[in-house]
Amino acid sequence: MSETAAPSSAPLRARAEIDLAALRANVRTLRAHAPGAAVMAVVKSDAYGHGAVPCARAAVEAGARWLGTATPEEALALRAAGLTGRIMCWLWTPGGPWREAIEADLDVSVSALWALAEVTEAARVAGVPARVQLKADTGLGRNGCQPGEDWAELVGAALRAEAEGLIRVTGLWSHFACADEPGHPSIAAQLTRFREMLAYAEGQGVRPEVRHIANSPATLTLPESHFDLVRTGIAVYGVSPSPEVGTPADFGLRPVMTLCASIALVKRVPGGHGVSYGHHYVTPGETTLGLVPVGYADGIPRHASGTGPVLVDGKWRTVAGRVAMDQFVVDLGGDEPETGARAVLFGPGDRGEPTAEDWAQAAGTIAYEIVTRIGTRVPRVYVNEEQTG
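Residues numbered from 1 in each chain as written. Predicted model: local features only at pLDDT ≥ 70, side-chain atom pairs only at ≥ 80, totals over all residues. Heavy atoms only, no water.

Under an unreviewed UniProt entry, the name given to the chain is Alanine racemase, and the source organism is Streptomyces cellulosae. The UniProt entry for the chain carries the following comment under Pathway (unreviewed entry): "Amino-acid biosynthesis; D-alanine biosynthesis; D-alanine from L-alanine: step 1/1." (UniProt positions renumbered as here; feature names shortened; annotations may be inferred.)

Draft legend 1. Structural context of the overall build of the chain. Check the secondary structure of the chain and you find 11 helices and 20 strands. By the compact-globule yardstick of 21 Å for 389 residues, the chain fits well, its C-alpha radius of gyration being 24 Å. Its C-alpha atoms give the chain principal-axis dimensions of roughly 80 × 45 × 45 Å. Per-residue burial over the chain gives 54% buried out of 389 residues. For the chain, restricting intrachain contacts to residue pairs at least 6 apart in sequence, the fraction spanning at least 24 positions comes to 68%. Accessible area of the chain: about 15900 Å², with a carbon and sulfur share of 51%. One finds the centroid of the 34 positive side-chain charges in the chain at a distance of 2 Å from the centroid of its 43 negative side-chain charges. (Helix = DSSP H or I, 4+ residues; strand = E, 2+ residues; numbered from the N terminus. Rg over C-alpha atoms; globule rule 2.2 N^0.38 Å. Buried < 20%, exposed > 50% of the residue type's maximum accessible area, 1.4 Å probe, protein only. Contact = heavy atoms within 4.5 Å. Areas by Shrake-Rupley, 256 points an atom, 1.4 Å probe, with all protein chains shown as cover. Lys, Arg positive; Asp, Glu negative; His and termini not counted. Charge placed at Lys NZ, Arg CZ, Asp CG, Glu CD.)

Draft legend 2. Summary view of the sheet that holds strand β4 (residues 66–69). Taken together, the 8 strands give an open sheet; going across it, the order is β9-β8-β7-β6-β5-β4-β3-β10, and neighbouring strands pair in parallel fashion. Sheet topology places β9 (210–212) and β10 (229–232) at the edges, where each strand pairs with a single neighbour. Going across the sheet, the axis of each strand differs from the next one's by a mean of 30 degrees, ignoring polarity. Pairing of strand β6 (residues 107–110) with strand β7 (residues 130–135) involves 4 bridges; the strand directions are parallel. By the bridge assignment, D107 is partnered in β7 with R131. Where helix α6 (residues 113–126) meets the sheet, its contacts fall on β6, β7 and β8 (167–173), and the angle it forms with β6 comes to roughly 145 degrees. Packing of helix α7 (residues 149–163) onto the sheet brings it into contact with β6, β7 and β8, and relative to β8 it is tilted by some 150 degrees. (Pairing = 2+ DSSP bridges. Axes fitted to C-alpha atoms, helices over the stretch in contact; angles between N-to-C directions.)

Draft legend 3. Representation of the packing of α7 against helix α8 (residues 185–204) in the model. Contact pair α7 / α8: the axes reach a minimum separation of 10 Å and the direction vectors enclose 35 degrees. Considering only the axes of α7 and α8, their crossing is right-handed. In this structure, α7 contributes W151, A152, V155 and L159 to the contact, and α8 contributes M197, Y200, A201 and Q204. Here the residues of the contact of α7 with α8 sort into 7 nonpolar, 1 polar and no charged. (Left-handed = near helix turned anticlockwise from the far one by under 90°. Nonpolar A, V, L, I, M, F, W, Y, C, P; charged D, E, K, R; others polar.)

Draft legend 4. Just helix α4 (residues 72–80), in detail. Those residues of α4 not exposed but buried are P72, A75, L78 and R79. With its buried residues spanning 120 degrees around the axis, α4 presents them on a single face. Among the structural elements, α3 (52–61), β4 and β5 (86–89) are those in contact with the buried residues of α4. Note on α4: the residue one or two positions beyond its end, G82, has a positive phi of about 95 degrees. (Arc of directions from axis to C-beta.)

Draft legend 5. Here's a closer look at the packing of aromatic side chains. Scanning all chains against the criterion turns up 5 aromatic pairs. Measuring from centroid to centroid gives 3.7 Å for W92 and W98, while their planes differ by 10 degrees, and the two rings are stacked. The pair W92 / W98 is uniform in exposure class, with both members buried. Aromatic ring contacts, followed pair by pair, group W92, W98 and W114 into a single cluster. (Phe/Tyr/Trp six-rings, centres within 6.5 Å; stacked < 30°, edge-to-face > 60°.)

Draft legend 6. View of the pairing of strand β19 (residues 342–346). Of all 5 residues making up β19, 4 are buried, and the element is well covered by its neighbours. Looking at chain direction, strand β11 (residues 257–262) and β19 are connected through 4 bridges and run antiparallel. From the neighbouring strand, L259 faces β19, where its bridge partner is F346. Note: strand β16 (residues 309–312) against β19, 2 bridges, orientation antiparallel. Its bridge partner lying in β19, L311 is registered against V344.

Draft legend 7. Looking closely at the UniProt feature "binding site: substrate" (unreviewed entry) in the chain. The residues that UniProt annotates with the feature "binding site: substrate" (unreviewed entry) are R142 and M325. Taken together, the annotated residues stretch across 184 residues and extend over separate regions, lying up to 33.1 Å apart by C-alpha. The residue R142 is located in the loop between β7 and α7 in this model. Not counting residues up to four positions away in its chain, the partners in contact with R142 are D137 and H175. Considering the arrangement of structural elements, one finds M325 in the loop between β17 (315–320) and β18 (328–331).

Draft legend 8. Representation of the pattern of salt bridges. Inspection of the entire model under this criterion finds 24 salt bridges. Across the pair E17 and R15 runs a salt bridge whose closest N-O atoms are separated by 3.1 Å. Judged by relative accessible area, E17 falls into the buried class, the value being 16%. Looking at R15, the relative accessible area reads 10%, which means it is buried. Between R86 and E209 there is a salt bridge; the shortest N-O distance is 2.9 Å. Taken together, the positions of R86 in strand β5 and E209 in the loop between α8 and β9 put the pair 123 residues apart, joining distant regions of the chain. What emerges from the salt-bridge pattern is a single network uniting R13, D298, D326 and R377. (Salt bridge = Lys/Arg side-chain N within 4 Å of Asp/Glu carboxyl O.)

Shown next as structure tokens:
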């Protein structure tokens, strides 16, 4: 992904401005929400579209003691960029780069015996013990080891490998299914199951450095789930996990990404003029149209055709007709901003612009997807790179 250190004086077709001061402030706020736990900043999927390496560095500067990724390749890229400290990765498939992860001193997640066997063999070859965290499926039904006999078998095998000096069990962890739905009965059920599985493992002799289950919504709303470590993903980037949990401002968070583009064309058209593919929008009368040069190839959701909001010339506009691969149109209602004028698709929202949540509502999705899907044709432009104070 292309990176630019600071705003360029030359106009760009489009840009995603990443405010690293906002990110650092968000991390400090999240630390305050979980004062008894360490904070992991999750930077998977290129830091939810914000740029993994710059965001990881800023998060560590603000006091995040761990970094988290989904894939080992993401974690290894952070090491290659010079990031030290604790990094955990959790999405493994057979034949993954276990030895490289061990030699890079990563914490790796294990959910089943096949993975434990592979990491143990890699540690034997590397001559270095692996840092392993055992994942429990407490009710999400994705990755993680089932309770009961499966958990007992995995814990026992891990303890035997630890006794041989091949691994060190550094963590026990799980993940919520519905923490973004306050009051959902699964939340209490998962916490109970997690405590039971922790008690079993620790009763057998596991001595983890960290126990963790809290994601962003749990960090913000469920202090009883904080344990030793909280894994904060979307909240690091100033986006609320869901409208039901609260707005970013409710938790003292500020959105980090502002997505904007330069208006490529302004033209006057008569009433009855079809706009974009399929003519799903027809001008109700004489008006002006503005061409915004980003489309679904840049991550603008096609599902927001006819509904996506954009701030142009100080006014909210709406996508007129279908979002195309590289562009979409807004009806300017007769206004004639200069070609090259700034169109803001989303940002923090305190300067009159829409937010990622507004786009999520328009597209029938979640704000996570809006920021994460912004594509590689859109350069990330980093502002407030230097930490002050």
